[in-house]
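Coordinates in review
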Amino acid sequence: LNNDYDVAVIGGGVNGTGIARDCALRGYKTILIEKNDFSAGATGTCSGMIHGGVRYLSGDVGTTRKACLDSGFIQKIAPHMLFRIPFIAPILDEGWFAKLMIELMEAYFTAYDEFSPLKRGKPHTRLTKEEALQLEPGLPENIIGALSIDEWGIDPFRLCAENAVSAGEAGAEICNHTEVTGFIVENHAVKGVKVRGRRAGEIRAKIVMNAGGPWLMKVARLAGVDVKIRPGKGVHLILDRRVSNMAVLATAVDGRQIFVMPHESTSLIGTTDDDYYGDLDNIVATEDEVEYLLQGMERYVPCIRKHRIIRVMAGVRPTLYGWGKNEDALSREHEVYDHETRDGVAGLLTMAGGKLASYRLMSEDATNIIGTKLGRTAPCRTHTEPLPGGEAAADIEGLARKYRIPNIVVKRIAYRHGNRAERVLALIDKDRRNANVLCLCEPVTEAEVRYAIRNEFAVSVLDIKRRTRLGCGPCQGMRCALRAGEILGEELKLNSDEIFASMKEFIQERWKGKRPILNGIQAGQEELTQALYRNVLGLERY
Amino acid sequence: MDEWRMDADVAVIGGGMAGLVAAMAARDKGRQVILVRKGLGATAMSSGCMDICSDPAGVRGTPHIDSTDVQANIAGVIERNSSHPYSVIAGGSVGGTEMVFNAVRDALRIALNNASVDGLELMGNPGEVFALITGAGTLKFTSYAQNLMAGYDVARMKEARVLFANIRGYGDFHPGLAIKTLKSMKLGAFNLAAGESLEVDLFDGASNLRAVDISEALEDQGRCGRFTEVVAKAAAGGKFTHIFIPPVFGIKNHKDVSIWIRKTLGENCYETVAGLPSVPGMRLAKVLAHSAESKGVKIVSGEAYGCCDRDGGVEHVKVRTESGNKDLYAILLKRYPVEKLFGLPVFLDGKPYGNAFAGDVLDRSSFGEHRLFSAGLKVNTEMKPMDGDGKPGFRNLFAAGSVIGGYNYITDGCGLGVASLTGQIAGSNAGSI
């Protein structure tokens, strides 16, 4: 194995995988290093939106334009993973200000209409109370009207995985579950990294790009460099079904904007934004955060508490540093720090801030800087070159007939794999048992699990969950852990200790999201899940 | 809604192990008994094995059990946890251990004898904890198991040659994993000399079959015979010392199916233990309900939703038959755990629950203690639940099974033991009024 690279990218979030892909497509010899798994940090706990940056319109029209343009590019390279999310902003009848509010918002959205065609967005509409209630019957009676805008959603887990797979196919070395423990520093210049985990030893690289997300401060410190960010904790509630037709915008008790949004077979309620000082490797939501979101949402969707919350997801944003501002008012822009000019440490760059929606553009920016540092020029191709599976649409009905499995199962596979769905389904031809559905909630087939292990760097049950949504449905992984664990063991030739450790890691991660929302009959159902894992299977002894 | 009224000496709410044993105990006192139930109860979702006191506290962290002596385990529980129903019944003293043990044994005997009338033989010994192999090759510790599930001693399986024979389409049996687990298992003289697996296609290649559907289909001798034929061929010539099959061989007709299996595949063929959805749990619940009925207990399908009381006694229980209510549990978590039917206070660790968030009494680790699951009613030695002043809430109200707090069957391994014992005491006290 040749250990000399042009670029070593640290971090497997959307920035890290995006940069690795860009570098690899430009022909730079690249290695991607992630201590956990792709999208295991901030990216995996985001709202999954490829929006056009409507909120930047008041300050920076250029940002909105760029965001819309880039959203359009992402639709071209990954059409299979994108889905339209119409937003509705109902205006509650709360005094004289409401009428003014709806006019102000309409003026704002009218300005946005100029850019939304860049991302194939439809122009905004102004809705009367009756029209709004017809479109979204869950809204309350006390609205004076509503406005709608058009945005796009994406599966952030797949986005990272496919960027990583694409980088790999373009020649990059992909190392998840590999942690950077230090830097190789010679004459005040970073010459590479020391790693442990699935890959251990020293990796030499001309440029090291720190895209560690919320962990970037820790990574920079390993090189003796201080970078500041304002880590902001964000919490989402996940409901067991799509509770609204459109995403509904609401105002929380402190005036912040929150939403409930259909996503896959679930709905997301998000989000909070609070300075975070705790353990980045164990971010836990609290009952107060759950209540804050529900309380804010129920004024706009009164039945919201009747729905089943299956999980709370908590993550930390690597927001750019700023003093004297509320969390919400901090810039969502990104910055690439050149530690040579900034701190006198050559060979090291840090990418901070940013947002999922513009990841591609930010990766392009970072890769341009890397190119300059390397003294090489190559054009960016990430806006034209499709992500794996994005080359063409899959023929869902044809595939369902050919492989004799239900349309819905093929549809889910095609959503995640685009026209590579056939590669997944081909495993069913080899062995019919691969048509077994391991996770009944979502439905995830044995074929897709094997494909994730063989082709998408999945080495644990949690990795499989990130690739396939195994265990993401209402039961939150009651029986699929064992089934996936058995297959993982078979594919990777693991012994039982390794299999059980992986299963328990998955069970623990599911539990982390259930504990703050356990209420009503779910508490009783959780007791049964616990009885299965502990009293019957006795997993804690293994 | 049509209104109707039924009269009985004793009304039992709940059709799980505790309710059924209580109903039978009251019936044994010569009383008219009506039992109201919504479904089959949690017993139907259990493994169908009977845990009396497996002491997983001593087991935690090791692949084997430290104490297989039930009586010693009960003494340990009484010493550690004064709120545990076994402690309450023992009068809070370890000296009461033997009395508790004898009482559980007697209570279980009632259940066992009644089950065996329908051909469900529960094998085991009340004084002993033994190990059973699950579909993942892990061990489940218990004291009684059904016909096909019991009869082998893992600790003596020296040079074991094991065959795991599954049915295609059944997803909760994991031969590949089970063989690996057994390979690295250390328990007594156990060691795995050979492990193989096979899958028999009985349903035309169908996948994602439900355990209940499979078990009903296997009550057909022809289909069951197709399974045994394939397995017998693979196991010919004494190739295997043990054959493990998934626990889906019949519900109603389990007795006959067991006989066919043993006749064709030999005495060394066993059903493994499985969790939800559990056919053995369903067998147990159905058989006990059947014997309660044949003893004259009237079983009514419906949901108790309220009560009328007079002079400190429960006058009658309101029942509705329409479905749709999701408040399935006697102790329901509505931000805080509540008991809604009689408005009794819920206790945790012997004290009123208070206003803690559920998350405060649940551990961060999935495999933690989770005190929330031991919240419940506090009872006196008669099984009368207490009000906020520590006095019996009603003169004629009794509690049994998981509605009682102080124990967590998941970690204590005593679910059906406590259910039968408290059911027996509550039922005979109610029948003696």
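Residues numbered from 1 in each chain as written. Chains lettered and ligands numbered in written order. Predicted model: local features only at pLDDT ≥ 70, side-chain atom pairs only at ≥ 80, totals over all residues. Heavy atoms only, no water.

Counting its secondary structure elements, chain B contains 12 helices and 17 strands. A compact globule built from 433 residues should have a C-alpha radius of gyration of about 22 Å, and chain B, at 22 Å, falls within 12% of that. Along the longest, intermediate and shortest principal axes, the C-alpha atoms of chain B span 75 × 50 × 40 Å. Counting only residues that meet the buried cut, chain B has 56% of its 433 residues in that class. Sequence-distant contacts in chain B: of pairs separated by 6 or more residues, those separated by 24 or more amount to 69%. (Helix = DSSP H or I, 4+ residues; strand = E, 2+ residues; numbered from the N terminus. Rg over C-alpha atoms; globule rule 2.2 N^0.38 Å. Buried < 20%, exposed > 50% of the residue type's maximum accessible area, 1.4 Å probe, protein only. Contact = heavy atoms within 4.5 Å.)

Glancing now at the environment of R27 of chain B. All names here are of chain B. As for its position among the elements, R27 is in helix 1 (residues 17-28). Using a relative accessible area of 22% as the deciding quantity, one classes R27 as partly exposed. Considering only alpha carbons, one finds R27 and S428, 401 residues apart in sequence, at a separation of 8.3 Å. With residues up to four places along the chain from it excluded, the contact list for R27 reads Q32, V33, K295, G296 and V297.

Tallied over the full model, the rule gives 12 aromatic pairs over all chains. For the ring pair Y152 of chain B and F244 of chain B, a centre distance of 5.3 Å and an interplane angle of 80° mean the geometry is edge-to-face. Taken together, the residues span a long stretch of sequence, with Y152 of chain B in the loop between strand 6 (144-146) and strand 7 (160-167) and F244 of chain B in strand 9 (residues 242-245) at a distance of 92 residues. With relative accessibility at 0%, the residue F244 of chain B sits in the buried group. Taking the centre distance of 5.9 Å and the plane angle of 40° together, the rings of F244 of chain B and Y270 of chain B count as tilted. Taken together, the positions of F244 of chain B in strand 9 and Y270 of chain B in strand 10 (residues 269-271) put the pair 26 residues apart, joining distant regions of the chain. Each member of the pair, F244 of chain B together with Y270 of chain B, is buried. Put simply, the rings of Y152, F164, F173, F244 and Y270 of chain B pair up and form one aromatic cluster. Directly above the aromatic system of Y337 of chain A lies the positively charged group of R342 of chain A, at a separation of 4.9 Å from the ring centroid. (Phe/Tyr/Trp six-rings, centres within 6.5 Å; stacked < 30°, edge-to-face > 60°. Lys NZ or Arg CZ within 6 Å of the ring centre and 35° of its normal.)

Residue and element names in this part refer to chain A. Contact geometry for helix 10 (residues 396-403) and helix 12 (residues 421-430): axes closest at 10 Å, N-to-C directions at 10°. In terms of orientation, helix 10 and helix 12 fall into the roughly parallel class. Counted together, L399, K402 and Y403 of helix 10 and A421, E422, L425, A426, I428 and D429 of helix 12 form the full contact between these two elements. (Axes fitted to C-alpha atoms, helices over the stretch in contact; angles between N-to-C directions. Parallel < 35°, antiparallel > 145°, perpendicular 65-115°, else oblique.)

Within the largest apolar cluster, 176 residues are counted, with the highest numbers of intra-cluster contacts made by L470 of chain A together with Y86, F227 and F249 of chain B. Here the element with the most residues in this core is helix 10 (residues 279-294) of chain B; it accounts for 8 residues. Formed by 63 residues, the second largest nonpolar core is a distinct cluster that contains A24, L159, C160 and A172 of chain A. (Core = buried A, V, L, I, M, F, W, Y, C linked by side-chain atoms within 4.5 Å.)

Residues and elements named next belong to chain B. Within the open sheet, the 4 strands sit side by side as 8-7-9-10. Their pairing is parallel. Each edge of the open sheet is held by one strand with a lone partner, namely strand 8 (192-200) and strand 10. This sheet shows a mean twist of 25° between the axes of neighbouring strands, independent of strand direction. Strands in contact with helix 9 (residues 254-265) are strand 9 and strand 10; relative to strand 10, the strand with the most contacts, it is inclined by about 145°. (Pairing = 2+ DSSP bridges.)

This next bit is on the interface of chain A and chain B. Each partner contributes to the interface: chain A provides 48 residues, whereas chain B provides 59 residues. Across the chain A/chain B interface, buried area totals approximately 4,700 Å², and carbon plus sulfur atoms make up 57% of it. The largest per-residue losses of area from chain A upon contact with chain B belong to R534, N535 and R541 of chain A, which jointly make up 15% of the total buried on that side. Our count for the chain A to chain B interface comes out at 4 salt bridges. The partner of R433 of chain A in a salt bridge is E199 of chain B, and the shortest N-O contact between them spans 3.7 Å. The interface formed by chain A and chain B holds 31 residue pairs in polar contact (both at pLDDT 80 or more) in total. The set of elements that each furnish at least two residues to the side of chain A that touches chain B consists of helix 7 (287-298), helix 15 (480-492), helix 16 (496-514) and helix 17 (521-536) of chain A. For the side of chain A that touches chain B, the element with the most residues is helix 17 of chain A, which contributes 13 residues. Of the residues belonging to the side of chain A that touches chain B, the class tally is 21 nonpolar, 12 polar and 15 charged. (Buried area = accessible area lost by both parts, 1.4 Å probe. Salt bridge = Lys/Arg side-chain N within 4 Å of Asp/Glu carboxyl O. Polar contact = N/O pair within 3.5 Å; in protein donor to acceptor, adjacent residues only side chain to side chain. Nonpolar A, V, L, I, M, F, W, Y, C, P; charged D, E, K, R; others polar.)

Turning next to helix 15 of chain A. For helix 15 of chain A, with 13 residues, the first-to-last C-alpha span of 18 Å sits near the 18 Å given by 1.5 Å per residue. Burial runs high along helix 15 of chain A: 11 of the 13 residues are buried. Those residues of helix 15 of chain A lying buried are C480, A481, L482, R483, A484, G485, E486, I487, L488, G489 and E491 of chain A. The inward-facing, buried residues of helix 15 of chain A contact strand 19 (437-439), helix 13 (446-455), helix 14 (461-468), helix 16 and helix 17 of chain A together with helix 6 (175-183) of chain B. One or two positions beyond helix 15 of chain A, positive phi appears at K493 of chain A, with a value near 50°. (Expected span 1.5 Å × (residues − 1).)

Let's shift gears to a nonpolar patch on the surface. A cluster of nonpolar side chains, namely W96, F97, L100 and L104 of chain A, defines an oily patch on the protein surface of about 470 Å² accessible area. One can find L100 of chain A in helix 3 (residues 97-113). (Patch = residues over 30% accessible without salt bridge, like charges linked within 9 Å, V, L, I, M, F, W, Y side chains within 5 Å. Areas by Shrake-Rupley, 256 points an atom, 1.4 Å probe, with all protein chains shown as cover.)

This brings us to the pattern of salt bridges. Residues and elements named next belong to chain B. Scanning all chains against the criterion turns up 68 salt bridges over all chains. A salt bridge links R105 to D106; the shortest N-O distance between them is 3.6 Å. For R105, a relative accessible area of 26% gives the class partly exposed. Residue classification places D106 among the partly exposed residues on the basis of a relative accessible area of 36%. Notably, a salt bridge pairs E315 with R310, separated by 3.0 Å at the nearest N-O pair.

Attention now goes to helix 11 (residues 407-417) of chain A. Residues and elements named next belong to chain A. Helix 11 sits mainly inside the fold: 8 of its 11 residues count as buried. Those residues of helix 11 that sit buried are V409, V410, R412, I413, A414, Y415, R416 and H417. A positive phi of about 55° marks G418, the residue just after helix 11.

Residues and elements named next belong to chain A. Most of strand 18 (residues 348-353) is tucked away, with 6 of its 6 residues classed as buried. Sheet analysis places strand 10 (residues 201-210) next to strand 18, joined by 3 bridges and oriented parallel. Bridging across to strand 18, V208 finds its partner in L348. Where strand 17 (residues 334-338) meets strand 18, 5 bridges bridge the pair, whose relative direction is antiparallel. Directly across from E335, in strand 18, lies its bridge partner A352.

Before going further, it helps to spend a moment on the environment of K183 of chain B. All names here are of chain B. Inspection of the secondary structure puts K183 in helix 6. A relative accessible area of 60% means that K183 is categorised as exposed. Residues K183 and A193, 10 residues apart in the sequence, show an inter-C-alpha distance of 8.3 Å.

The next subject is the confidence of the model for chain B. Residues and elements named next belong to chain B. In the predicted model, chain B carries a mean pLDDT of 91, and 95% of its residues have values of at least 70. Across chain B, strand 9 holds the top mean pLDDT of 98, while helix 2 (residues 56-59) sits lowest at 51. Across residues 59-64, confidence stays below pLDDT 50; counting only partners more than four residues off in sequence or on other chains, it has 17 contacts. In the model output, the complex is listed with pTM 0.95 alongside ipTM 0.94. (pLDDT = per-residue confidence, 0-100.)

On to the sheet that holds strand 11 (residues 298-301) of chain B, then. Residue and element names in this part refer to chain B. Overall, parallel pairing links the 3 strands, which are arranged 1-2-11 in an open sheet. Strand pairing shows two members of the sheet lacking a second neighbour, strand 1 (10-13) and strand 11, which therefore form its edges. Averaged over all adjacent pairs, the angle separating strand axes in this sheet is 25°, with direction ignored. Both strand 1 and strand 2 (residues 33-37) contribute to a ladder of 4 bridges, which runs parallel. In the strand pairing of strand 2, V10 is matched with V33.

As a further point, take the packing of helix 5 (residues 97-117) of chain B against helix 12 (residues 415-432) of chain B. All names here are of chain B. Between helix 5 and helix 12, whose axes approach to 8 Å, the crossing angle comes to 90°. For the element pair helix 5 / helix 12, the angle class is roughly perpendicular. Counting all contacts with helix 5, which are made through V100, A103, V104, A107, L108 and I110, the residues of helix 12 involved are L416, G417, S420, L421 and Q424. Within the contact of helix 5 with helix 12, the residues separate by chemical class into 8 nonpolar, 3 polar and no charged.

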